[in-house]
Amino acid sequence: MTAANTVRWPQPTAQTDFDVYKARAEFPILRRKVHDRPIVYLDNAATTQKPQAVIDAIVRYYTTENANVHRGVHALSEQATESYEQARVTVQRFLNAAEACEIVFVRGTTEGINLVAQAWGRTHVGRGDEIVISTMEHHSNIVPWQILCEQQGARLRVAPINDNGELLLDEFEKLLGPKTKLVSIVHVSNALGTVNPVRKIVEMAHRWNARVLVDGAQAIPHMAVDVRALDCDFYVFSGHKVYGPTGIGVLHSKAELLDAMPPYQGGGDMISSVTFEKTLYNRLPYKFEAGTPHVSGAIGLGAALAYLNAIGRDRIARHERQLLAYGTERLQEIPGLRLIGTAREKTGVLSFVVEGIHPHDIGTILDREGIAIRTGHHCAQPLMQRFGVPATARASLALYNTMEEMDALAAALHKVREVFA
Ligand SMILES: Cc1ncc(COP(=O)(O)O)c(C=O)c1O
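The numbering scheme is per chain: residues are counted from 1 as the chain's sequence reads. Totals for whole chains, interfaces and linings use all residues, but because this is a predicted model, local features are given only for residues with pLDDT of at least 70 and pairs of side-chain atoms are given and counted only at 80 or more. With hydrogens and water stripped out, all remaining heavy atoms of the structure feed into the side-chain values.

Caption draft 1: Summary view of the overall build of the protein. Of regular secondary structure, the protein possesses 15 helices and 17 strands. Expected size for 421 residues packed as a compact globule is a radius of gyration near 22 Å; at 22 Å, the protein falls within 12% of this value. Seen through its principal axes, the protein has C-alpha atoms that stretch 75 × 55 × 35 Å. Only protein chains enter the accessibility calculation, which uses a 1.4 Å probe; a residue is then buried when its area is under 20% of its type maximum, exposed when over 50%, and partly exposed in between. Put simply, the protein has 421 residues, and 58% of those count as buried. Two residues qualify as a contact provided that any one of their heavy atoms is within 4.5 Å of a heavy atom in the partner residue. In the protein, 71% of the contacts between residues at least 6 apart in sequence involve partners at least 24 apart. For the protein, the accessible surface area stands at approximately 17,500 Å², while carbon and sulfur atoms represent 51% of it. One finds the centroid of the 44 positive side-chain charges in the protein at a distance of 2 Å from the centroid of its 45 negative side-chain charges. Runs of H or I in DSSP of at least four residues are treated as helices and runs of E of at least two as strands, each being numbered from the N terminus. In this treatment the radius of gyration is a C-alpha quantity, and the globule benchmark scales as 2.2 Å times the residue count to the 0.38 power. Only the protein chains shown count as cover for residues, and all accessible areas are computed by the Shrake-Rupley method using a 1.4 Å probe. Positive charges come from Lys and Arg, negative ones from Asp and Glu, while His and the chain ends are left out of the count. By convention, the charge on Lys lies at NZ, on Arg at CZ, on Asp at CG and on Glu at CD.

Structure, rendered in structure tokens:
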């Protein structure tokens, strides 16, 4: 058995200009212990931990600025509005979007996809039309389209993947045609780590005048995303997976598309005038932000993105690539362990099963060692069926994870095997 503290890989500081230990110090929760052991947090695809800068931004907002936005003439409301709108500009720049009004704050990826399915889908998808997704989608990029297809009499088509968990592009292309109205594709799979060739997919879909939605929930934390370079029509992500707060997320779309869409929800803030006879809607993006928004969430998200910019997304990506390579190597040493998801283009997800041991048991034993991983179907049941497994164990990486934590994971997995021997 390999000792948890065995160093078999050049330390990150020797390899990159990224100081992971300095970064870790900025995440207060990483100082706590779980079951009397230092926490090894490897459930980052579910949600990430928050740096002090994000916590401070939220506390500062509630301590000094809290008021409702877009409504008051008083100083607090003006300051709250200014901070909320500044967060929108931070998101715009982070995505390289053309205008701030193309950034719609939503609750998260799930709400962003449902917004597009209902507001865009119900006006643009009709009987006999087709929507194309892939086998590796999260339930939140399957079910909203099933609901829409049922409402409109449209058909959902699913592009297959190979045994490594890569999209079969030729098969995908064969599904496209004059009936295709939308392609909705995950940028990075939460259950496999596969990075999809989104730019190519957009090109293929646009040849048929189909729109493309990209589910960026697992891409945004790990790579630079430029929505103009991708030329996608909709891009969605969640704040809590990118070191920001829960309850806030982003839908990006091109202004002309958003302009032509009816609102998703009705209420305050999304109108310019209301009479009992007729309501006129507000300009973008407010037409899609009915009711009091999650002001502190948006501010926290802005702080998270600023934090990532300050470190540098390329440095984070380099560090995570090394972690993934080392973690993969260590897990492959474990007898009976099968990695699920071995795409050539991958981010930091290590999904696996171990012969004769249920993933839930693996997760429970690892928890006693202070190691947090996710076990289950990862909201991707059709994908689990594709690989013939009911569930996997999944370790997912973030900027604050270390090579030593990969060693600790491997050592704990050897222990799991001993328990079940
Ligand atoms: C790829 C992907 N899409 C969508 C979602 C849904 O995100 P949320 O629950 O934040 O709306 C997740 C969450 O795990 C995800 O990983």
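Caption draft 2: Main features of the sheet that holds strand E14 (residues 349-354). Ordered in space as E13-E14-E17-E16, the four strands form an open sheet in which the pairing is antiparallel. Looking along the sheet, the strands with just one partner apiece sit at the ends: strand E13 (337-339) and strand E16 (374-376). Across the sheet, the axes of successive neighbouring strands diverge by a mean angle of 30°, strand direction being ignored. Both E13 and E14 contribute to a ladder of three bridges, which runs antiparallel. Among the inter-strand pairings, Arg338 is bridged to a residue of E14, identified as Val353. Two strands make a pair as long as DSSP finds a minimum of two bridges between them. With axes taken as lines fitted to C-alpha atoms, and helix axes fitted only over the stretch in contact, angles between N-to-C directions fall between 0 and 180 degrees.

Caption draft 3: Representation of the site of the ligand in the model. Every residue lining the ligand is accounted for by Thr109, Thr110, His138, Ser140, Val186, Asn190, Asp215, Ala217, Gln218, Ser238, His240 and Lys241. Any N or O atom pair separated by 3.5 Å or less is treated as a polar contact, with the protein-specific requirement of one donor-capable and one acceptor-capable atom, and with residues adjacent in sequence counted only for side-chain atom pairs. Within the side chain of Thr110, an N or O atom sits 2.6 Å from an oxygen atom of the ligand. At 2.8 Å, a side-chain N or O of His240 approaches an oxygen atom of the ligand. In isolation the ligand exposes 400 Å². Once the protein is present, 85% of that is buried. Gly falls in the polar group here, along with every residue not listed as nonpolar (Ala, Val, Leu, Ile, Met, Phe, Trp, Tyr, Cys, Pro) or charged (Asp, Glu, Lys, Arg). Tallied by class, residues from the shell around the ligand come to two nonpolar, eight polar and two charged. We call a residue near a molecule or strand when any one of its heavy atoms sits within 4 Å of it.

Caption draft 4: Geometry of the nonpolar core. Within the largest apolar cluster, 80 residues are counted, with the highest numbers of intra-cluster contacts made by Phe172, Tyr235 and Leu399. Here this core takes 10 residues from helix H11 (residues 295-311), the largest share from any one element. Filtering out sequence-adjacent residues up to four positions away, Leu399 remains in contact with Phe18, Val20, Ala23, Phe27, Tyr243, Tyr307, Leu308, Ile311, Ile316, His319 and Glu320. For our purposes a nonpolar core is just a set of buried Ala, Val, Leu, Ile, Met, Phe, Trp, Tyr and Cys residues, chained together by side-chain atoms within 4.5 Å. Leu42, Ile362, Leu366 and Met406 belong to the second largest nonpolar core, which has 29 residues in total.

Caption draft 5: Quick peek at the environment of Ala154. Counting through the fold element by element, Ala154 comes out in the loop between helix H6 (143-152) and strand E6 (155-159). Among the residues examined, Ala154 registers a relative accessible area of 15% and is labelled buried. Sequence separation of Ala154 and Ala119 is 35 residues, and the distance between their C-alpha atoms is 16 Å.

Caption draft 6: Molecular detail of the packing of aromatic side chains. Two aromatic rings, drawn from Phe, Tyr or Trp (for Trp, its six-membered ring), form a pair once their centres lie within 6.5 Å of each other, and the interplanar angle then sorts them: stacked below 30 degrees, edge-to-face above 60, tilted otherwise. Scanning the entire structure with this criterion turns up seven aromatic pairs. Note on Tyr84 and Phe105: the rings are 5.3 Å apart at their centroids and 45° apart in plane angle, and the pair reads as tilted. Taken together, the positions of Tyr84 in helix H4 (residues 75-95) and Phe105 in strand E4 (residues 103-106) put the pair 21 residues apart, joining distant regions of the chain. The burial state of Tyr84 is the same as that of Phe105; both residues are buried. By way of ring pairs, the aromatic residues Phe27, Tyr243, Tyr307 and Tyr400 are connected into one cluster. Sitting over a ring, as applied to charges here, requires NZ of Lys or CZ of Arg to be within 6 Å of the ring centre and within 35 degrees of the ring normal. Of note, Arg386 hangs over the ring of Phe387, and the distance from its end group to the ring centre comes to 5.4 Å.

Caption draft 7: Expanded view of the sheet that holds E4. Overall, mixed pairing links the seven strands, which are arranged E4-E10-E9-E8-E7-E5-E6 in an open sheet. Edge positions in the sheet fall to E4 and E6, since each has one partner strand and no second. This sheet shows a mean twist of 20° between the axes of neighbouring strands, independent of strand direction. As defined by bridge partners, strand E9 (residues 234-238) adjoins strand E10 (residues 249-253) across five bridges and the pair is classed as antiparallel. Pairing of Phe234 across the sheet is with Ser253, part of E10. The strands touched by H4 are E4, E9 and E10; relative to E4, the strand with the most contacts, the crossing angle is about 115°.

Caption draft 8: Representation of the confidence of the model for the protein. The pLDDT averaged across the protein works out to 95; a share of 96% of its residues lies at or above 70. Contacts from residues 1-14, a stretch scored under 50 in pLDDT, to residues over four places away or in other chains number 32 contacts. As a per-residue quantity, pLDDT reports the predictor's confidence and falls between 0 and 100.

Caption draft 9: Quick look at the environment of Glu102. Take Glu102: it is sitting in the loop between H4 and E4. Residues Glu102 and Leu258 lie 156 residues apart in sequence; the distance between their C-alpha atoms is 7.6 Å. Beyond its immediate chain neighbours, meaning those up to four positions away, Glu102 contacts Ala97, Leu251, His252, Ser253, Lys254, Ala255 and Leu258. At 3.4 Å, the side chain of Glu102 and the backbone nitrogen of Ala98 are in polar contact.

Caption draft 10: Quick look at the state of the cysteines. In this description, the term disulfide denotes a pair of cysteine sulfurs within 2.5 Å. For the structure shown, the criterion picks out zero disulfides. Not part of a disulfide, Cys101 finds its nearest cysteine sulfur in Cys232, a span of 16 Å.

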